[in-house]
Amino acid sequence: MRTDNIQYRIGKSKGFKILTFVLAFACMIPLAAILFFIIKAGITRINFHFLVNIPRPVGEKGGGIANALLGSVIIIALASFIAIPIGILAGVYLSENKKGRLAYWCRLSVDILQGIPSIVIGIIAYFWLVKPLGGFSAFSGSVALAIMMLPVIVRSTEETLKMLPPSLKEAAFALGMPFHRVIFKVIIPVGISGILSGVMLSIARITGETAPLLFTAFGNPYLSADVTAPMQSLPLLIFNYATSPYNDWHDLAWGASLILLIWVLFLNVFTKLISARWKVQL
Amino acid sequence: MESTIIKSRKFNASFGANHVVKNVNIDIPRNNVIAVMGPSGCGKTTYLRCINRMHELIPDATCNGTMSINDEDIYKMHPIFVRLKIGMVFQRPNPFPNLSIYDNVIAGYKLNGIKLAKAEKDRIVEHSLTKVALWNEVKDSLLKKGTFLSGGQQQRLCIARAVAMEPEVLLFDEPTSALDPISTATVEELFHELKANYTLIIVTHNMQQAARVSDRTAFFYMGELVEYDLTKNVFTNPKDNRTQNYITGRFS
Amino acid sequence: METSLQAPVIPSPAVKDTVSIRKRIRRSFRQIRMESVFKQTLAIAGLLLVILVLGILLTLITQSIPSIRLLGLKFIWGSTWNPVKDVYGAFPFLLGTLLTSFLALVICIPFSVAIAIFLGEYYPTGWFADVLKNAVELIAAVPSVIYGFWGLAVLVPMVRALEARFGVDQPLGVGIFSASLILSVMIIPYAASLGRQMIRMVPEHLKEAAYGLGATRWEVIRHVVLPGTKSGLFAGILLSLGRALGETMAVTMVIGNSSILPKNLFAPGNTMASVIANEFTEADKTVYLSALIELGLALFLVTVIINIIGKKIIDRFTNE
């Protein structure tokens, strides 16, 4: 009586395993399609000229993405410069203060920041920097990106430091070290890999961001290093040129897409290597 | 002459390269309580888990040799069949936390997709809980979740759950090591009553328990079955030196 | 204090000791001061984050006020968005956002749950697991604008052909459907990775109890593992939803950017995020800009609430 459906149950179990397998790996199909297409479409457009020239006006052949490359580097560097110190300090603060009102609201703020859509951050940077200063600028774009980097850096710093054994801090204090020395000379160096991987992760995240730059950095068809003026960035260029009606510009966008993809992948792989090393150390 | 229900011949079990059960030959008679004891790491729990084929759930786990129930090779049957005939009670009481006491007792039926009429379910629940002396304590709270019960009661609930499937053999993996002395005593009383309808194989760390509850005792040491005899013989007149040393506490 | 430590000038080791004691005490005072300065700096950094969030909320509210005051509730129900004529009804965008997000969620759930079960239960380690884990992380890493570009170049023509086959009125290819498809791929990693963590947390001994009673693997998953992670999976789905709601670039590029109320899934439309992206720099009137900001405020509130609820569920789950 109770054993006649066992074959059916066994079959069902095997069937679900196969179904799970198929569905799980099915997600790799669009991924593979995207990677394959970008590589195919982009690889032919990339050469030395592509990397060192700025876009030509419509109709003229050639041109490159030098302004976007330089712009991305500058904007990201500036954003990192702003976000990293504040992020690490806030992360240290949270790891040192597990309870307390400020710590509670700070943690809540970090959670909120992490969920804010990137376009809203762009709006904020517009009203805080673009409007008062009277124009688009790379600086305002960097601030927008810095705001997006903060939650990731704060989170990972806090988590890293929380995992360090308290005996480490106690030993340092017992030697008579003042608090700031304990943090900078003992705690942070030991947790540096974890903190660094959080930083790299945040950089990887903002490298591909477009929305916050739409009305802050705005874009610039010329090569510029002036942070008080509009500046081009790789994702911005891709967006503008991909949605334009010109085939030449589409070509540029494909090459730029491949470069951006490689850049982002490289950052992610690099981050993984750092955090893998940290886990081993622990 | 008692009939044998579980038979092992040249049974070995390993975790990868780690050979933990070596060449075990044992005949377990029906309606007996068999205690399996030995120091930590001697392979007793692994051997137990081979009887109802739980051992193979661990990756890299292998075994060979013959293990049979009623002369049917356990390793030639599907594991589900085996586990319907051989129930198991674990070290930590583990009633399903999201199910009520009632549902916990008949959980085995639900998991196996066996549909029962309400009257039948009621009968099984009452019957099983009575067998483990839990019926009177919980009959008014059958629909509550089992987590409010004490450790001893939870363990008896798990025994009821196993008994509800009407197996022939019940395996116990250190069933009272997580319980207080009073709960332990109540569970030990059960062994004596359950013996009438089932064969019990109990792995225990506690020599006194083995001496108290079992008819026969098997002593494992470093993966080998060193001695297997009536309990009173093993404890008063052990044949092997190693058994003697274990009993007198030279090592544990 | 210092005078009492000033020893007479005696050429003996005692002099050197007292001088260095003085130096050490002075240094200690300095360090104590630095310690409190440092602690205050840390607190300021923490405070900065709170002020940042408050500032964001404040700016959004104050910039939306002109629109709120002028348009009131008509803003939410109005289905005509015509800035030229000063008509601002945001319902098409609310609808577009809801449609794309929920459709994307529905499409991605089977895949996310499958990945979560695969990595959490069947293959937590090993070669298969590594490949899948990396693939899922890759999906999350690809920038949104690249999804959009690929969608525009590859997916949209395919959808256009599909629409033509189905006899859709104007087979454009761009529209709610295409946007939902792209979005569904993008949000797979969120529910999948959270679901996987939750599944791994189901205690082994509960699964053993079920196996011991004769359950098959699937029965253990269905009756023991999944019920135990219900709230965790729900939180993962919420977080995926939050992500989908705020996604801008890929959606903007394939949704067709039409402010007319979409009639069916194949029609072009707009989401709250995409209309902001498209029209922000063109908003020349105060009310126009303010209406867009009001959309931003709505987006902010909804995504924040969803994220907080999701995180609270996860916290409660991991602390049980």
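1. Some thoughts on the overall build of chain B
Then, in step 1: Of the regular secondary structure elements, chain B holds 11 helices and 10 strands.
Then, in step 2: Against the globule reference of 18 Å for 252 residues, chain B gives a C-alpha radius of gyration of 18 Å, in line with a compact fold.
Then, in step 3: Residues classed as buried in chain B amount to 46% of the 252 residues present.
Then, in step 4: A separation of at least 24 residues holds for 69% of the contacts in chain B among residues at least 6 apart in sequence.

2. Let's talk about the overall build of chain C
Then, in step 1: Within chain C one finds 13 helices and two strands.
Then, in step 2: Scaling as 2.2 N^0.38, a compact globule of 320 residues should have a C-alpha radius of gyration of about 20 Å, whereas chain C reaches 29 Å, well beyond that.
Then, in step 3: Along the three orthogonal principal directions, the C-alpha set of chain C runs to about 105 × 70 × 35 Å.
Then, in step 4: Across the 320 residues of chain C, 50% fall into the buried class.
Then, in step 5: By sequence separation, contacts in chain C at least 24 residues apart represent 71% of the contacts at least 6 residues apart.

3. Quick look at the interface of chain B and chain C
Then, in step 1: Across the contact, 19 residues belong to chain B and 15 residues belong to chain C.
Then, in step 2: Taken together, the elements giving at least two residues each to the side of chain B that touches chain C come down to helix 2 (79-85), strand 6 (86-89) and helix 4 (107-111) of chain B.
Then, in step 3: It is helix 4 of chain B that contributes the most residues to the side of chain B that touches chain C, four residues altogether.
Then, in step 4: Of the residues that constitute the side of chain B that touches chain C, the class distribution is 10 nonpolar, six polar and three charged.

4. A few points about the interface of chain A and chain C
Then, in step 1: On the chain C side, the residues contacting the 70 residues of chain A number 66 residues.
Then, in step 2: Ranked by residues supplied to the side of chain A that touches chain C, first place goes to helix 1 (residues 6-26) of chain A with 12 residues.
Then, in step 3: The residue makeup of the side of chain A that touches chain C, split by class, is 53 nonpolar, 12 polar and five charged.

5. Here's the deal with unusual backbone geometry
Then, in step 1: In the Ramachandran plot, aspartate 71 of chain B falls in the positive-phi region, its phi being about 65° despite a non-glycine side chain.
Then, in step 2: C-beta crowding within 10 Å serves as the criterion here: with 8 such atoms nearby, aspartate 71 of chain B is assigned to the exposed category.
Then, in step 3: Backbone geometry places aspartate 86 of chain C, a non-glycine residue, at a positive phi of 65°.
Then, in step 4: Here aspartate 86 of chain C shows up in the loop between strand 1 (81-82) and strand 2 (87-88).
Then, in step 5: Exposure remark for aspartate 86 of chain C: the 12 C-beta atoms within 10 Å place this residue in the exposed category.

6. Considerations on the nonpolar core
Then, in step 1: Judged by nonpolar contacts, the single largest core of 258 residues is most densely connected at Ile238 of chain A, Val36 of chain B together with Ile115 and Val254 of chain C.
Then, in step 2: Looking at which element gives the most residues to this core, the answer is helix 7 (residues 176-200) of chain C, with 16 residues.
Then, in step 3: Among residues more than four places away in sequence, those in contact with isoleucine 115 of chain C are Ala24 and Cys27 of chain A together with Leu132, Val136 and Ala192 of chain C.

7. So, the pairing of strand 1 (residues 4-15) of chain B
All names here are of chain B.
Then, in step 1: Summarising the sheet, strand 1 and strand 2 (residues 18-29) pair through eight bridges and their orientation is antiparallel. Across the sheet, the residue bridging to phenylalanine 15 is asparagine 18, located in strand 2.
Then, in step 2: Taken together, strand 1 and the strand that follows it, strand 2, pair antiparallel across an intervening segment of two residues, in which glycine 16 is found at a positive phi of about 65°.
Then, in step 3: The pairing of strand 1 with strand 4 (residues 61-69) spans eight bridges and is antiparallel. Bridged to arginine 9 within strand 4 is threonine 66.

8. A few points about the domain arrangement of chain C
Then, in step 1: Structurally, chain C comprises domain 1 (2-71) and domain 2 (74-319).
Then, in step 2: Facing the nine residues of domain 1 of chain C at the interface are 12 residues of domain 2 of chain C.

9. Thoughts on the environment of serine 177 of chain B
Residue and element names in this part refer to chain B.
Then, in step 1: By the element assignment, serine 177 lies in the loop between strand 7 (169-173) and helix 8 (181-194).
Then, in step 2: Of the residues examined, serine 177 has 14 C-beta atoms within 10 Å and is grouped as partly exposed.
Then, in step 3: Separated by 158 residues in sequence, serine 177 and histidine 19 place their C-alpha atoms 26 Å apart.

10. Observations concerning the confidence of the model for chain C
Residue and element names in this part refer to chain C.
Then, in step 1: Taken residue by residue, chain C gives an average pLDDT of 86. The fraction at 70 or more is 93%.
Then, in step 2: Predicted confidence in chain C is weakest over helix 1 (residues 2-5), with a mean pLDDT of 48, and strongest over helix 11 (residues 249-254), with 93.
Then, in step 3: Both confidence scores are given for the complex: pTM 0.84, ipTM 0.90.

11. Some remarks on the pairing of strand 7 of chain B
Residue and element names in this part refer to chain B.
Then, in step 1: Taken across its five residues, strand 7 has five buried, putting it largely inside the fold.
Then, in step 2: Side chains Val169, Leu171 and Asp173 project from strand 7 onto one buried face, and the interleaved Leu170 and Phe172 project onto a second face that is buried too.
Then, in step 3: Here strand 6 pairs with strand 7 via four bridges, running parallel. Bridging across to strand 7, valine 89 finds its partner in phenylalanine 172.
Then, in step 4: Where strand 7 lies against strand 8 (residues 199-204), five bridges are found, and the strand directions are parallel. Looking across to strand 8, one finds that valine 169 is bridged to threonine 199.
Then, in step 5: For the handedness criterion, the β-α-β arrangement of strand 7, helix 8 and strand 8 is classed as right-handed.

Parameters at a glance
Residues numbered from 1 in each chain as written. Chains lettered and ligands numbered in written order. Predicted model: local features only at pLDDT ≥ 70, side-chain atom pairs only at ≥ 80, totals over all residues. Helix = DSSP H or I, 4+ residues; strand = E, 2+ residues; numbered from the N terminus. Rg over C-alpha atoms; globule rule 2.2 N^0.38 Å. Buried ≥ 20, exposed ≤ 12 C-beta atoms within 10 Å, placed from the backbone. Contact = placed C-beta atoms within 7 Å. Nonpolar A, V, L, I, M, F, W, Y, C, P; charged D, E, K, R; others polar. Core = buried A, V, L, I, M, F, W, Y, C linked by C-beta atoms within 7 Å. Pairing = 2+ DSSP bridges. Domains from an automatic or database assignment. pLDDT = per-residue confidence, 0-100. Right-handed = clockwise from strand over helix to strand, strands pointing away.

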